[in-house]
Amino acid sequence: MQYDVVIVGGSFAGLAAALYLGRARRSVCVLDTRQPRNRFAAASHGFFAQDGSDPGMLLATMRQQISAYPTVTFIDEAAVEVSGQSGGFEVALSGGSTVPGARLLLAFGISDLLPDIPGIAERWGKSVLHCPYCHGYEVSGRRLGVLNLSPSSLQQALLVSDWGPTTFYANGANLDGLSVDQLLRRGIEIEADPVSALAGEPGALTAIRFADGRSHPMEALFISPRNRLNSDLAGQIGCDIQDGPLGKIITVDDLNKTTVQGVFAAGDITRVAQNISFACADGVMAAMACHRSLILEG
């Protein structure tokens, strides 16, 4: 059978889209590798009526609820190739089969590219964090740090300092006078030397170590790592892709339509500001636009 919509990605954006399309009684196939970006975090914060919930449990609950809609099908395989055009897309799966769909909704997410500094990867989502709005409250008042990884890091430090005493780890980079003035005006300490490692018990952070052998007490470190799209499907089908501040972003309009007719995109792959609330809202918008296109465009 040909599905009305094939959704590539079964995290928050993809499931939000599947819910709305299922409620519209449209046939939907959700392709899911079950590797959500926030799988490293034990709790999600700032999501309406679910503050502090386990994101894995949220996804499991949503998938169970969506499974009650008879027109929605789940396939736990990766999409590896796509071809066709609006009204007749074909998605090839890692297992060798193909899934046809009249519309394509991309929600495959992104992966964070963590710096190769010992101690960061095993603390990611625990004491090494990305978003102060998502995790800042839980570490507020502690010794906080921001590691300089990109042009976004300076702004991140200025924001993080609202949650507690903050140190900006320049990591060997030369800061211009304006940046130094901005940091000092916010009461942010500056450490210039390259960071060599993080120290502490498993998952916890107690100190930052420098290349010269020194260490600096620290309890939570915020970073803005670069990221990558989890799939090249958008490029395969010809969607416009932009360079964002930390990685590639698929171009969409206000209805989450891509530049290719019949292809929609939602979630972290389409925006700079990223969290569960935005992902769900994007999924809903993409689903509604997708449904309307099936009716109005045929």
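First, a word on what this report is: a plain description of the structure on this page. Everything numeric here is computed off the predicted structure, so don't read it as measured data.

Here the focus is the packing of aromatic side chains. Summed over all chains, the structure comprises two aromatic pairs. Ring centres of Tyr-133 and Trp-163 lie 5.7 Å apart, and the angle between their planes is 85°; this geometry places the pair in the edge-to-face category. Of this pair, Tyr-133 sits in helix 3 (residues 132-135) while Trp-163 sits in the loop between helix 4 (152-160) and strand 10 (166-169), and the two are 30 residues apart along the sequence. Residue class for Trp-163 comes out partly exposed when judged on its relative accessible area of 21%. Seen from their ring centres, Tyr-169 and Phe-210 are 6.0 Å apart, and the 45° between their planes marks the pair as tilted. Note that Tyr-169 is positioned in strand 10 and Phe-210 in strand 13 (residues 207-210), a separation of 41 residues in sequence. In this pair, the class of Tyr-169 matches that of Phe-210, namely buried. Across the ring face of Phe-278, the terminal group of Arg-271 is positioned such that the distance to the ring centre comes to 4.3 Å.

Let us look at the pattern of salt bridges. For the structure shown, the criterion picks out 14 salt bridges. Salt-bridge contacts for Arg-214 lead to Asp-193; the nearest nitrogen and oxygen are separated by 2.9 Å. Separated by 21 residues along the polypeptide, Arg-214 in the loop between strand 13 and strand 14 (215-217) and Asp-193 in the loop between strand 11 (189-191) and strand 12 (195-199) bring together distant segments of the chain. Taking relative accessible area as the criterion, Arg-214 reaches 33% and is therefore assigned partly exposed. For Asp-193, a relative accessible area of 28% translates into the label partly exposed. Where Asp-243 meets Lys-248, a salt bridge forms, and the shortest distance between an N and an O atom there is 2.4 Å. According to the relative accessible area criterion, Asp-243 is exposed, its value standing at 60%. A relative accessible area of 42% places Lys-248 in the partly exposed class. A single salt-bridge network, built from bridges that share partners, covers Asp-32, Arg-34, Arg-63 and Asp-76.

Reading the values: rules and limits
- Residues numbered from 1 in each chain as written.
- Predicted model: local features only at pLDDT ≥ 70, side-chain atom pairs only at ≥ 80, totals over all residues.
- Heavy atoms only, no water.
- Phe/Tyr/Trp six-rings, centres within 6.5 Å; stacked < 30°, edge-to-face > 60°.
- Helix = DSSP H or I, 4+ residues; strand = E, 2+ residues; numbered from the N terminus.
- Buried < 20%, exposed > 50% of the residue type's maximum accessible area, 1.4 Å probe, protein only.
- Lys NZ or Arg CZ within 6 Å of the ring centre and 35° of its normal.
- Salt bridge = Lys/Arg side-chain N within 4 Å of Asp/Glu carboxyl O.

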